[in-house]
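Summary of the model geometry
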Amino acid sequence: MKAFEWASPTTINDAVKLLQASAATHDPDDAPRPIAGGQDLLTTMKDYLTRPERVVNLKNIRGLDRIEGDGKRGLKIGALVTLTQLAEHATVRSDFPGLAEAALSVATPQIRNLGTVGGNLCQRPRCWYFRLEDAVCLKKGGSQCFAATGENKYNAIFGGGPSYIVHPSDLAPMLVALGASLAVTGADGARTIALDKFFTLPSEGSIRRENVLHNDEIITEIRVPASPVAARSSYLKFKERESLDFAMSAVAAALELNADKTIKQARIVLGGVAPIPWRVPQAESFLVGKRLDASTLNEAAHLALDGAKPLAKNAYKIPLTQALVRRALAKFQA
Ligand SMILES: Cc1cc2nc3c(=O)[nH]c(=O)nc-3n(C[C@H](O)[C@H](O)[C@H](O)COP(=O)(O)OP(=O)(O)OC[C@H]3O[C@@H](n4cnc5c(N)ncnc54)[C@H](O)[C@@H]3O)c2cc1C
């Protein structure tokens, strides 16, 4: 790990000032970084994927570790709320069940006890080549995505090119399905970013980054609006090892039903299959007005995977994800 300066501010404004890069910083991965639970940042530092000149501890800033609100008012989740807090929060479990399921699906209790919501959304990709110190892939300033023609079992089937990472966060697809937004503060002041505009495809923006956050910006709060789909939300994830693993594929589903049990509104966002949470509007609009019978589930699953472009070793993600879509929707049949 490269030597770094440690700073522990107590206010957001001081933290933002400390995140300003020095004039000597030319590579984005050498710029100062905020640290929350450290579950991802420290690993990237140990492997020299990031080499921040200064690490800015957010844990001494008060007020960022609270969950407020409910299904009627919407939720405000402080960026330092841990995954355990979110998964175990009684109101989240009753009014936004899919969000509690997504938080509970992450890693192990130890990681959930330390990992925060803000850090989970900003964690870096898990592609083997990106994580391998000696592989200078596109996302580390190189000229090639090694996964495109190499070991790509875990890589993207949607939205890939020129890099084929998948976004690793389990919270992200569910929060996108719930219409969440982020409150952010940086050197230029505060702004709100809709979560579906936060993540960037490798073909957009900087290939070195996965989102639109500036280096001197901090996420302070995640806002989840009150919504008629929140109470019928669900997160289903397939992982290779049951004990702990990232999603090989996942489905965040949220539905509003009419009194006659037909679907009024549907949101379906796929995880583990694209560089960003992958919304599937063709399946969502097909579902409107339908009942959740077997043929509707089959057709929605088929439409959700329409347009997938698998690489040599990950075509299995198509039937796997179709099965997850069917099962996520079937939960609401009763
Ligand atoms: C073995 C293992 C298994 C895992 N499995 C899963 C899994 O199944 N699903 C899943 O979703 N995740 C998984 N993770 C990732 C884990 O959930 C994240 O590493 C963790 O949530 C990150 O939160 P943190 O607070 O520790 O972030 P940190 O490590 O402190 O930070 C992560 C990144 O976010 C930035 N950051 C942190 N907070 C903020 C903020 N408020 N504003 C702006 N930037 C910020 C940091 O600068 C850094 O770039 C796993 C991790 C490990 C080690």
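Summarised in this report is the structure supplied together with it. Predicted model only: the values in this text are computed from it and were never measured. (Residues numbered from 1 in each chain as written. Predicted model: local features only at pLDDT ≥ 70, side-chain atom pairs only at ≥ 80, totals over all residues. Heavy atoms only, no water.)

**Brief notes about unusual backbone geometry**
- Across the junction of Gly161 and Pro162, the peptide omega takes the value 0 degrees, indicating a cis bond.
- Summarising the element assignment, Pro162 is placed in the loop between helix 8 (128-131) and helix 9 (171-177).
- Even without a glycine there, the phi angle at Tyr48 is positive, about 60 degrees.
- Among the structural elements, Tyr48 can be located in the loop between helix 2 (41-46) and strand 3 (54-57).
- Here Tyr48 falls in the partly exposed class, since its relative accessible area comes to 35%.
- One non-glycine residue, Ala107, adopts positive backbone phi at about 45 degrees.
- Position of Ala107 among the secondary structure elements: in the loop between helix 5 (97-104) and helix 6 (109-114). (Helix = DSSP H or I, 4+ residues; strand = E, 2+ residues; numbered from the N terminus. Buried < 20%, exposed > 50% of the residue type's maximum accessible area, 1.4 Å probe, protein only.)

**As for the sheet that holds strand 2 (residues 33-35)**
- Here we have 3 strands laid out as an open sheet, ordered 1-3-2, and parallel in their pairing. Edge positions in the open sheet fall to strand 1 (5-7) and strand 2, since each of these has one partner strand only. With strand direction ignored, the average angle separating the axes of adjacent strands in the sheet is 30 degrees. (Pairing = 2+ DSSP bridges. Axes fitted to C-alpha atoms, helices over the stretch in contact; angles between N-to-C directions.)

**Some thoughts on the pattern of salt bridges**
- Counted under the stated rule, the structure contains 23 salt bridges.
- Of the charged contacts, one joins Asp27 and Arg208 as a salt bridge, the two residues approaching to 2.9 Å between their closest N and O atoms. Here Asp27, found in the loop between helix 1 (12-18) and strand 2, pairs with Arg208, found in the loop between strand 7 (189-194) and strand 8 (218-224); they are 181 residues apart in sequence, far enough to count as distant.
- The residue Asp29 makes a salt bridge to Arg208 at a minimum N-O spacing of 3.1 Å. Of this pair, Asp29 sits in the loop between helix 1 and strand 2 while Arg208 sits in the loop between strand 7 and strand 8, placing them 179 residues apart in sequence.
- One salt-bridge network, held together by shared partners, links Asp27, Asp29, Asp30, Arg51, Arg124, Lys139, Arg208, Arg209 and Glu210. (Salt bridge = Lys/Arg side-chain N within 4 Å of Asp/Glu carboxyl O.)

**Looking at the pairing of strand 10 (residues 249-257)**
- Of all 9 residues that make up strand 10, 9 are buried, and the element is covered over most of its length.
- Side-chain alternation along strand 10 places Ser249, Val251, Ala253, Leu255 and Leu257 on one buried face and Ala250, Ala252, Ala254 and Glu256 on a second face that is also buried.
- Two strands pair when backbone bridges link them, and strand 9 (residues 233-238) and strand 10 are joined in this way by 6 bridges, in the antiparallel orientation. Across the sheet, Phe238 pairs through a bridge with Ser249, a residue of strand 10.
- The sheet contact formed by strand 10 and strand 11 (residues 263-271) spans 8 bridges and is antiparallel. By the bridge assignment, Ala254 is partnered in strand 11 with Arg267.
- Between the antiparallel neighbours strand 10 and strand 11 lie 5 residues, among them Lys261 with a positive phi of about 75 degrees.

**Here's the deal with the packing of aromatic side chains**
- Taken as a whole and judged by the stated rule, the model has 4 aromatic pairs.
- Consider the rings of Trp128 and Tyr154, whose centres lie 5.4 Å apart with planes at 65 degrees: the pair is edge-to-face. Remark: Tyr154 occurs in the loop between helix 8 and helix 9 and Trp128 occurs in helix 8; sequence separation between them is 26 residues.
- Seen in terms of ring centroids, Phe158 and Trp278 are 5.2 Å apart; in terms of plane orientation they differ by 20 degrees. Their pairing is stacked. Of this pair, Phe158 sits in the loop between helix 8 and helix 9 while Trp278 is found in strand 12 (residues 278-279), placing the two residues 120 residues apart along the sequence.
- When the ring centre of Phe286 is taken as reference, the NZ or CZ atom of Lys290 above it lies at 4.2 Å. (Phe/Tyr/Trp six-rings, centres within 6.5 Å; stacked < 30°, edge-to-face > 60°. Lys NZ or Arg CZ within 6 Å of the ring centre and 35° of its normal.)

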